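A look at the structure
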Amino acid sequence: MTAPAVFEAKHYKSELKPIWCPGCGDFGVLQGLYRALSAVGRPPHEVAFISGIGCSSRIPGYTTAYGFNTVHGRSLPIAQGVKLANPDLLVVVAGGDGDGFSIGGGHVAHAVRRNIDLTYLVMDNQVYGLTKGQLSPTSPKGLETVTSPLGSLEDPINPLLYMLAYGAGFVAQATPADMPGMTALIEEAIRYPGFSFVNIQSPCVTFGEEDQQLKAHKTKMKTLASLKHDSSNQLAALDLARAYGTELYTGVFYRNPNPPPTYEALVKLRQAEQSKKARPHHQLLEAYLQK
Amino acid sequence: MTAPAVFEAKHYKSELKPIWCPGCGDFGVLQGLYRALSAVGRPPHEVAFISGIGCSSRIPGYTTAYGFNTVHGRSLPIAQGVKLANPDLLVVVAGGDGDGFSIGGGHVAHAVRRNIDLTYLVMDNQVYGLTKGQLSPTSPKGLETVTSPLGSLEDPINPLLYMLAYGAGFVAQATPADMPGMTALIEEAIRYPGFSFVNIQSPCVTFGEEDQQLKAHKTKMKTLASLKHDSSNQLAALDLARAYGTELYTGVFYRNPNPPPTYEALVKLRQAEQSKKARPHHQLLEAYLQK
Amino acid sequence: MLDDLILGMAGAGGDGVVSAGESLLAAASSEGYHALMTKSFGSQIRGGESSCRVRLSTKKVLNPGGALDVVVALNWDDFFKFGAELPLSIDTIFIYEEKAGPPPETLKARGVVPKELIPVSISELTKKSSGTEKSKTSVVLGLLSGWFGIPAEAISRGIKKKFGSKGEGLLEANEKALAAGIEYAKAHPLASPHELARPKAAPGSKMLCDGNDMCAAGALFAGVKFFGGYPITPSTEVMQTLSKEIWKYGGTVLQCEDEIAGIGATVGASFAGRKSMTATSGPGMDLKTEILGLATIAELPLVVLNVQRGGPSTGLPTKPEQADLFQAAFSGHGDVLRPVLAPTDVEDSFKTTVTAFNIAEQYQTPVIILSDQEIAQRKEALDLIDTTKLEVIDRRVPTAAELADKPYARFALTESGISPISHPGMEKGTYLAAGIEHNEKGDPTSSGGLHAKMNEKRFKKLEPLKQRSDLFELRGNADAKLGFIAWGSTAGVAREAVELAKADGHDVKLLIPYLLHPIAEQVYADFFRSLTHGLVVELSHQGQLYRMLRMFIDVPKGVRSFARSGANPFQPRELVKRLIELKGQPS
Amino acid sequence: MLDDLILGMAGAGGDGVVSAGESLLAAASSEGYHALMTKSFGSQIRGGESSCRVRLSTKKVLNPGGALDVVVALNWDDFFKFGAELPLSIDTIFIYEEKAGPPPETLKARGVVPKELIPVSISELTKKSSGTEKSKTSVVLGLLSGWFGIPAEAISRGIKKKFGSKGEGLLEANEKALAAGIEYAKAHPLASPHELARPKAAPGSKMLCDGNDMCAAGALFAGVKFFGGYPITPSTEVMQTLSKEIWKYGGTVLQCEDEIAGIGATVGASFAGRKSMTATSGPGMDLKTEILGLATIAELPLVVLNVQRGGPSTGLPTKPEQADLFQAAFSGHGDVLRPVLAPTDVEDSFKTTVTAFNIAEQYQTPVIILSDQEIAQRKEALDLIDTTKLEVIDRRVPTAAELADKPYARFALTESGISPISHPGMEKGTYLAAGIEHNEKGDPTSSGGLHAKMNEKRFKKLEPLKQRSDLFELRGNADAKLGFIAWGSTAGVAREAVELAKADGHDVKLLIPYLLHPIAEQVYADFFRSLTHGLVVELSHQGQLYRMLRMFIDVPKGVRSFARSGANPFQPRELVKRLIELKGQPS
Ligand SMILES: Cc1ncc(C[n+]2csc(CCOP(=O)(O)OP(=O)(O)O)c2C)c(N)n1
Ligand SMILES: Cc1ncc(C[n+]2csc(CCOP(=O)(O)OP(=O)(O)O)c2C)c(N)n1
Ligand code: SF4
Ligand code: SF4
Ligand SMILES: [Mg+2]
Ligand SMILES: [Mg+2]
């Protein structure tokens with residue numbers, strides 16, 4: 001059996017049955033991802049799909065790609081190692097708002113500034129799903145959860161604004177309530193030659209708030225296109241991003257119109273240049289001989 | 001001997017002799033800090049001074065305050081514990097660009113969004129001083145250091161932009177090249193009722209670049225006042241902050257004109273309200289009795 | 001008449017078997033029975049299969065028990081997903097939904113021939129009696145009441161409490177369903193009667209709680225003022241409880257961005273003079289390692305609760321294991337002696353937590369509590385714990401006179417190794433705390449000589465712990481030639497094993513350490529003295545306590561490790577069997 | 001004529017004593033001497049006091065040596081700051097700057113009566129001969145050449161290399177200063193001549209390198225393609241070297257934001273099929289704990305170098321200690337068996353690193369290398385290491401045929417416990433790697449049964465390591481009744497102790513483990529067989545290897561721990577003394 005020349009969405013679907021709650025937003029994200037991958041067309045074995053821990057982080061197992069369901073919060077550093085070790089791979093990173101912005105928050109700025117060609121999908125549900133409903137860093141202030149029975153006392157973070165402040169070249173937001181829109185954004189993010197980020201509002205039906213469910217999304221969402229937003233304007237993007245938590249904008253906030261070379265491209269140049277200086281294997285140590 | 005009613009700068013100076021290189025910018029920061037503390041006037045034993053690890057993080061030991069020279073990158077979480085445990089203390093946090101933005105980078109957004117009344121001073125010298133001259137997250141792209149002998153391949157972070165994106169209520173930049181200016185900014189930061197941040201360009205004379213020394217600062221620096229910047233305008237602050245690494249602006253980028261209540265203020269309210277429900281010590285377990 | 005009954009139930013997500021188990025627990029315990037319940041869920045986040053086990057007894061319940069006496073299966077697929085968690089024997093009675101058909105052949109393949117198969121058309125009975133299918137579990141409770149003698153009034157009281165507020169209709173439906181179940185049972189008596197004997201204790205109000213509840217309560221009792229943590233199964237409930245309660249007592253909970261920040265904030269609060277705590281599980285413990293070392297060298301009191309789950313890495317997040325002992329004792333670089341305690345059940349989770357705070361404060365050290373998923377999440381009906389004799393120890397703060405006397409030396413090299421500790425806010429008490437090695441004052445040093453002295457101090461101050469025989473439980477005849485050592489949730493199994501052995505005519509003793517580290521050499525040596533054969537029983541592949549004992553004590557040849565990986569609890573019977581087998585071997 | 005000479009120098013920051021030491025090392029070794037140098041700095045970042053020790057010998061140098069034969073002090077304040085690092089004896093000759101005056105009285109208080117006090121007006125001599133004070137160290141080198149017979153031509157060659165490019169004037173000044181020093185020495189002969197014997201080896205080019213150099217070189221030799229790390233003393237030089245070199249061989253270094261990211265990226269690169277490594281020291285090891293566990297359960301090859309410094313916490317960041325063995329072996333939750341190796345000197349840092357990669361790749365496991373500050377940063381003059389016989393092992397990847405055959409089971413339960421490992425890019429090799437427990441395919445499981453099997457697999461695959469007697473060094477008579485066990489930098493001290501003991505007529509053997517974990521039980525048992533008395537020598541308060549041996553082997557009563565805190569290296573003499581004392585006691 002040879003691999004099909006064209007990969008359809010179903011070729012990215014594995015046999016493992018998702019353990020998500022019926023109705024979880026992540027089902028939609030998974031569908032959109034299958035489609036986006038098929039649109040991009042890389043064979044599954046050339047895709048490395050890296051995640052942390054959380055309901056959303058289960059996603060690699062549901063694809064036929066190489067998957068690595070790592071530890072909580074460390075998907076980005078691990079993915080960077082994968083990509084630098086083999087820049088020919090398509091590397092997708094995914095996880096939740098807790099995984100990415102709480103315990104993993106320290107890695108984001110550095111992944112962004114290195115500009116390694118990764119696509120980072122966050123399934124932002126404003127709650128900790130897997131551990132059953134605690135506060136997440138995107139939970140609105142005052143929210144009552146099992147860890148904030150009297151209401152949270154702190155402001156949420158703003159992932160869109162952060163990513164822009166970090167200098168990310170591609171920043172978008174999507175919801176599975178708009179499947180074609182989300183699919184197109186994931187595809188565009190994958191195709192962007194550099195670090196790209198899509199914040200996906202993926203509702204938690206079990207622990208999430210009423211107004212953050214798919215139904216609410218459908219009425220609430222506004223496409224940035226409809227606002228005539230110019231996605232090459234970083235300052236305008238910063239301004240719009242400030243509405244995170246109030247407005248549900250979908251689409252591309254910012255796309256660097258002149259993507260700089262990726263980190264791995266610079267690495268390749270350096271390797272090519274330096275390889276001339278390589279010593280034969282058994283003469284490595286001669287470098288230390290007294291001159 | 002009773003404590004002096006008025007605390008002069010010298011009362012904050014300890015007997016420990018700084019181990020910094022002669023000419024290190026941190027000497028100036030320390031002087032400015034003594035003066036700012038004396039202007040604020042809290043007795044040393046009511047000040048808790050928390051730092052991480054690095055040349056700059058040695059600073060608490062040189063004061064007569066309670067000092068905690070913790071581990072690399074964790075000064076902010078530790079300081080939050082100190083302040084929440086005893087909100088009556090004046091808590092100052094200090095450290096380097098590596099300590100705060102590299103290994104400790106994941107804690108910053110959360111310290112900011114909680115809005116605990118801490119003053120965070122970063123001695124930004126664009127290099128790892130204590131470990132002898134490696135790349136720091138604020139090192140300019142292309143910089144040659146011992147860990148980037150062929151030039152760094154990544155963009156620096158922008159601490160001013162981050163802090164603003166994180167929603168900090170007080171964001172300023174200073175240099176010991178302007179001692180009165182820096183001292184006044186530290187004092188203002190301490191007095192700000194909430195999380196405040198001062199990025200201090202504190203040159204490393206041993207491993208730093210020529211154009212980042214005090215002499216260069218003197219010619220390069222522009223006060224935000226001279227630019228007629230309105231420090232209550234967050235968007236203008238974001239815009240100006242984008243020049244980090246190019247321009248040396250000093251002064252207050254942003255000061256929230258309406259500081260919200262601090263986290264610890266909310267905690268106090270909650271404690272007062274809930275204390276009514278306290279059970280007597282030996283009846284604690286009755287809460288679990290079957291009803 | 002039985003003194004002990006172990007029930008297991010399994011069903012789909014919506015079936016409510018866990019809630020039925022809770023009702024049973026509450027009802028039985030209010031009647032004076034001792035009771036214990038564990039629950040288990042499939043990997044699905046919601047709507048997946050669920051199960052529970054309830055053990056009812058006229059005597060104190062020591063552990064969840066072995067093979068089930070009675071099974072209630074609402075469908076077989078879900079039932080069999082639980083495998084080892086719902087163990088069967090040839091004595092198990094099967095009650096099952098008739099629609100589901102008889103148990104599949106696989107049962108026979110496993111060597112289980114059900115003692116009695118009792119199909120009941122539960123759904124139909126429910127619909128007929130109550131007009132809805134929703135009160136299925138009340139029928140089940142009725143059946144159990146009828147067949148096993150669990151007082152119906154108590155169950156009925158529970159139903160009233162549960163559904164009373166949810167509207168007349170629902171309450172009535174459930175009461176009818178309960179009655180129908182009881183009636184059915186009466187009309188179809190069991191071939192082999194299994195009625196529970198009347199409880200020995202009088203009916204009355206019991207504490208219904210799990211181990212995590214008792215750790216949280218213990219912390220409050222000890223005076224915790226700060227908790228910094230990050231959610232992780234199976235410890236999160238401790239943070240959740242404190243998030244509700246701590247404010248009442250002038251404290252704060254901070255949900256931190258990660259476990260490092262969690263212990264960081266906790267250390268900060270301790271530095272500021274307050275009793276503080278964090279709780280987590282294995283992966284979180286890993287992350288806390290660096291700051292644990294900071295607390296050791298800065299000599300700051302701190303309680304760290306690790307509710308163990310299966311490892312390594314993410315491992316088996318919802319299952320118990322006892323494989324974090326090496327980590328508790330030996331993680332972190334440098335020479336460190338860090339006290340480690342372990343409760344063995346729900347009740348002593350309370351006292352162990354108080355002890356942990358006492359040791360932390362008295363000796364200015366981080367203390368690790370090793371609980372595990374089973375203890376932490378199993379629910380028990382307990383008599384109210386008498387706290388009036390429990391001591392609470394606070395750290396030794398320098399007096400104003402001491403501070404006035406001479407310059408304060410935070411790390412003074414005292415006889416005991418303990419130096420009075422000041423905190424911010426205390427006049428004349430200022431000092432520099434640090435992770436770097438220091439002299440007596442706290443100033444940084446790179447001197448090997450001072451380092452050696454400070455290492456000695458930090459070890460010496462904990463020496464008295466090795467004499468704490470009160471942190472051990474000895475059962476059985478002190479001169480017995482056979483013995484067990486067991487800790488944590490396994491201790492409850494060993495307690496029952498000792499009784500079984502006795503009933504079988506074997507003289508077996510048992511040593512249960514609540515203090516796992518430092519190793520109290522003398523206590524073990526005394527225990528070993530009479531032994532020819534013994535087993536150190538642990539739920540871990542390596543048998544970590546056994547290895548640790550060897551490090552510090554000469555363990556007799558006849559004392560062996562009996563260890564296996566987690567999520568597969570020991571049974572009292574097998575402990576006895578293994579020990580008697582061992583006895584046959586030369587020691 | 002001496003076979004061995006130990007020199008110590010100390011001065012202020014600008015004095016250049018370290019650079020002088022390096023010149024001496026280079027000069028002597030190019031003449032055929034064996035040579036070793038350590039350096040030490042005050043706590044000040046720059047401009048503080050600095051010192052070095054140089055040991056020159058006609059035989060292989062095994063360690064930095066004990067008390068100094070010769071001291072060169074440019075001022076006494078700085079000199080005495082180094083305390084134990086520049087140990088003195090009654091045989092020490094003191095050369096010092098005349099201006100500084102005679103050594104202070106404190107010396108006598110320490111019981112040291114200098115053998116010979118030689119004030120030299122070094123600054124004046126310098127100014128007079130060269131016209132500047134900058135060439136002070138060349139005068140010192142001249143003095144040492146004149147008095148101790150270190151060939152002047154070699155020093156002069158070194159001076160040419162060093163100053164040749166810095167302009168005529170400087171070169172000339174230094175040459176004049178050198179000549180003046182030599183002349184002065186000739187004109188003022190020592191009371192007790194201390195001339196070095198001519199070297200036995202022919203002059204020639206040696207490798208000048210330290211342990212960190214050799215770890216980096218070993219990694220390159222083994223084929224490292226990815227290094228992810230974060231700076232920390234005393235390991236940073238490994239990253240620094242690779243940052244220069246790795247690109248030549250198609251690899252990448254990533255300076256990460258912290259140690260977690262460092263090991264994270266490294267694990268990622270390994271998952272992607274490349275040989276990868278990270279390096280750090282104690283605090284960084286703590287942070288890497290969680291992801292080490294991930295690598296264990298996901299069975300990913302990985303080399304982690306820990307250059308030990310004094311702990312706990314920040315501890316003594318620039319001093320050696322051997323107190324991270326417990327951490328290396330036991331940190332992390334769950335049941336884990338993680339191989340630990342330790343080099344004993346600069347030369348075998350190279351081979352040990354290659355071995356670490358081989359074990360990591362062959363057994364699909366993280367491997368820890370425990371170096372320490374002394375080995376890592378001491379400079380040695382070595383003969384070129386012959387690498388032609390060194391094997392390099394790559395991981396076992398499934399063949400295309402194997403993958404075509406049947407669905408790929410990444411974690412197949414094989415006889416050896418090793419399952420062929422694919423990586424992204426390989427067709428039909430896709431699988432899910434995870435930190436969660438899994439079945440043979442890699443799918444998540446919460447089954448206790450599978451967990452037990454996988455634990456067994458992960459332990460079983462490493463069993464063959466226990467047979468690796470090639471990872472031990474045995475010195476001395478195999479039947480000796482007395483013996484040492486020593487590892488890491490302490491091994492070099494023990495090697496010399498064995499020789500000293502022999503010279504004293506004692507029959508003493510020595511076992512040096514390069515493999516510290518798993519404990520190779522048979523190797524130790526064989527070693528113990530003939531022993532009546534022995535010492536396990538370690539630079540740590542607890543004596544961690546001794547305790548670990550007890551865990552797995554019955555250590556004879558006569559074998560004791562000889563352990564003390566770091567930053568205070570053992571001396572060969574004291575090892576012999578202690579062993580002989582022990583011999584007097586009943587075993
Ligand atoms: C080190 C560590 N800390 C904590 C956990 C427990 N944990 C698992 S997932 C999770 C948070 C999940 O939230 P999120 O990332 O938002 O994902 P979601 O489940 O909402 O998709 C937590 C706290 C863990 N597995 N590891
Ligand atoms: C966990 C850990 N990692 C690494 C180090 C080593 N280290 C100490 S300070 C430092 C960086 C110092 O840079 P910065 O924070 O900018 O402070 P500076 O010295 O420049 O003032 C590093 C990498 C450490 N002490 N602990
Ligand atoms: S808990 Fe929430 S996020 Fe997790 S599977 Fe269920 S719905 Fe989805
Ligand atoms: S190394 Fe740089 S930062 Fe450190 S003390 Fe010296 S000048 Fe200051
Ligand atoms: Mg979430
Ligand atoms: Mg810096």
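Being a predicted model, the structure only gives us computed values, none of them experimental.

1. Examining the packing of aromatic side chains
Within the structure shown, the criterion is met by 60 aromatic pairs over all chains. Ring pairing ties together the aromatic residues A:Tyr66, A:Phe68, D:Phe271, D:Tyr408, D:Phe411 and D:Tyr431, which thus form one cluster. A cation over an aromatic ring shows up here: B:Lys132 above the ring of D:Phe41, its NZ or CZ 5.5 Å from the ring centre. A cation sits over an aromatic face here: C:Lys509 above C:Phe527, 4.4 Å from the ring centre.

2. What about the domain arrangement of chain C?
Residues and elements named next belong to chain C. By domain assignment, chain C separates into domain 1 (4-187), domain 2 (208-389), domain 3 (396-461) and domain 4 (468-583). The straight-line distance from the C-alpha centre of domain 1 to that of domain 2 is 34 Å. Listed by partner, the interface residues are 14 residues for domain 1 and 10 residues for domain 2. The junction of domain 1 with domain 2 conceals about 950 Å² of combined surface from both sides, 49% of it contributed by carbon and sulfur atoms. Taken together, the connections running from domain 1 to domain 2 amount to two salt bridges. Linking lysine 60 and glutamate 347 is a salt bridge whose minimum nitrogen-to-oxygen distance equals 3.8 Å. The interface formed by domain 1 and domain 2 contains three residue pairs in polar contact (both at pLDDT 80 or more). Of all elements in the fold, only helix H1 (17-30) and strand S2 (34-41) reach the threshold of two or more residues within the side of domain 1 that touches domain 2.

3. Things to note about the site of ligand 3
Surveying the vicinity of ligand 3 reveals the residues A:Trp20, A:Cys21, A:Cys24, A:Cys55, A:Asn125, A:Gly129, A:Cys204, A:Val205, A:Thr206, A:Phe207 and C:Ile45. Residues close to ligand 3 are split across chains A and C. Looking at the shell around ligand 3 residue by residue, the class counts come to eight nonpolar, three polar and no charged.

4. Focus on the domain arrangement of chain A
Residues and elements named next belong to chain A. By the assigned domains, chain A splits into domain 1 (9-260) and domain 2 (261-291). Each of domain 1 and domain 2 was reduced to a C-alpha centroid, and the two centroids are 38 Å apart. Taken residue by residue, the interface counts 12 residues in domain 1 and five residues in domain 2. Taken as a group, Leu84, Pro87 and Pro260 account for 52% of the area that domain 1 buries against domain 2, more than any other trio of residues on that side. Here domain 1 and domain 2 share one salt bridge between them. For the salt bridge of aspartate 88 with lysine 268, the shortest nitrogen-to-oxygen distance reads 3.8 Å. Partitioned by chemical class, the residues of the side of domain 1 that touches domain 2 number six nonpolar, two polar and four charged.

5. With respect to the site of ligand 1
Around ligand 1, the structure places 23 residues, and the nearest of them are A:Cys55, A:Ser56, A:Asp97, A:Asp99 and C:Glu259. Ligand 1 sits at the junction of chains A, C and D, each of which supplies nearby residues. A distance of 2.9 Å separates an oxygen atom of ligand 1 from a polar atom in the backbone of A:Gly98. Between A:Leu130 and ligand 1, the recorded distance is 2.9 Å, taken from a backbone N or O atom to an oxygen atom. Calculation on ligand 1 without its partners gives an accessible area of 590 Å², and the protein chains cover 98% of this total. Those elements that provide at least two residues to the shell around ligand 1 are helix H3 (97-103) of chain A together with helix H11 (282-297) of chain C.

6. Quick look at the sheet that holds strand S9 (residues 252-255) of chain C
Residue and element names in this part refer to chain C. Strand order in this open sheet of seven strands is S9-S8-S10-S11-S13-S12-S19, and the pairing throughout is mixed. Two strands bound the open sheet, and with one partner strand each, they are S9 and strand S19 (515-517). Here strand S8 (residues 226-229) pairs with strand S10 (residues 276-280) via two bridges, running parallel. Counted as the bridge partner of phenylalanine 226 is serine 276 from S10.

7. Examining the relation of the copies chain C and chain D
For the pair chain C and chain D, the relating rotation is 180°, the translation along its axis is 0.0 Å, and the fit reaches an RMSD of 0.1 Å. Within this description, the copies of the chain are treated as partners about a two-fold rotation axis. No C-alpha of chain C lies nearer the rotation axis than that of C:Ser331, which sits 2.1 Å from it. A high fraction, 100%, of the interface residues of chain C reappear at the interface in chain D, so the copies pair face to face through one surface.

8. Some points on the interface of chain B and chain D
A common measure of how large an interface is: the accessible area buried when the components associate. Facing the 28 residues of chain B at the interface are 22 residues of chain D. Taken over both partners, the interface formed by chain B and chain D buries close to 2,000 Å², and the fraction arising from carbon and sulfur atoms is 58%. Summed over the three residues of chain B that lose the most area to chain D, namely B:Ile19, B:Ile103 and B:Thr147, the buried surface amounts to 23% of that side. At the junction of chain B with chain D, the criterion picks out zero salt bridges. The tally of links between chain B and chain D comes to nine residue pairs in polar contact (both at pLDDT 80 or more). Its residues assigned to classes, the side of chain B that touches chain D shows 16 nonpolar, nine polar and three charged.

Criteria and thresholds
- In this numbering scheme, every chain counts its residues from 1 along its sequence in written order.
- Chains and ligands are labelled sequentially in the order written, the chains with letters from A and the ligands with numbers from 1.
- Under the rules for a predicted model, residues below a pLDDT of 70 receive no local features and side-chain atom pairs below 80 are neither given nor counted, while totals for whole chains, interfaces and linings still include all residues.
- Just so you know, side-chain values use all the structure's heavy atoms and leave hydrogens and water out.
- When the centres of two rings from Phe, Tyr and Trp lie within 6.5 Å, Trp using its six-membered ring, the rings pair. Their planes under 30 degrees apart give stacked, over 60 give edge-to-face, and anything left gives tilted.
- In this scheme, the term charge over a ring applies when either NZ of a lysine or CZ of an arginine sits within 6 Å of the ring centre and within 35 degrees of the ring normal.
- As used throughout, domain bounds are those supplied by an automatic or database domain assignment.
- Note on definitions: a residue-residue contact is assigned when non-hydrogen atoms from the two residues lie within 4.5 Å.
- Buried area: the accessible surface (1.4 Å probe) lost by two parts on joining, summed over both.
- A pair is scored as a salt bridge if a Lys or Arg side-chain nitrogen falls within 4 Å of a carboxyl oxygen belonging to Asp or Glu.
- Two N or O atoms form a polar contact when they lie within 3.5 Å of each other; inside protein one atom must be a possible hydrogen donor and the other a possible acceptor, and for residues adjacent in sequence the pair counts only when both atoms belong to side chains.
- Runs of E in the DSSP output that reach at least two residues are strands. Runs of H or I that reach at least four are helices, and both are numbered from the N terminus.
- Note on terminology: near, applied to a residue and a molecule or strand, indicates that one of the residue's heavy atoms is within 4 Å of it.
- Charged residues are taken to be Asp, Glu, Lys and Arg, nonpolar residues to be Ala, Val, Leu, Ile, Met, Phe, Trp, Tyr, Cys and Pro, and polar residues to be all remaining types, Gly included.
- Residue exposure ignores everything except the shown protein chains as possible cover, and the areas themselves are Shrake-Rupley values with a 1.4 Å probe.
- Strand pairing requires that DSSP identify at least two bridges connecting the strands.
- The copies were overlaid with a least-squares fit restricted to C-alpha atoms from residues scoring a pLDDT of at least 70 in each copy.

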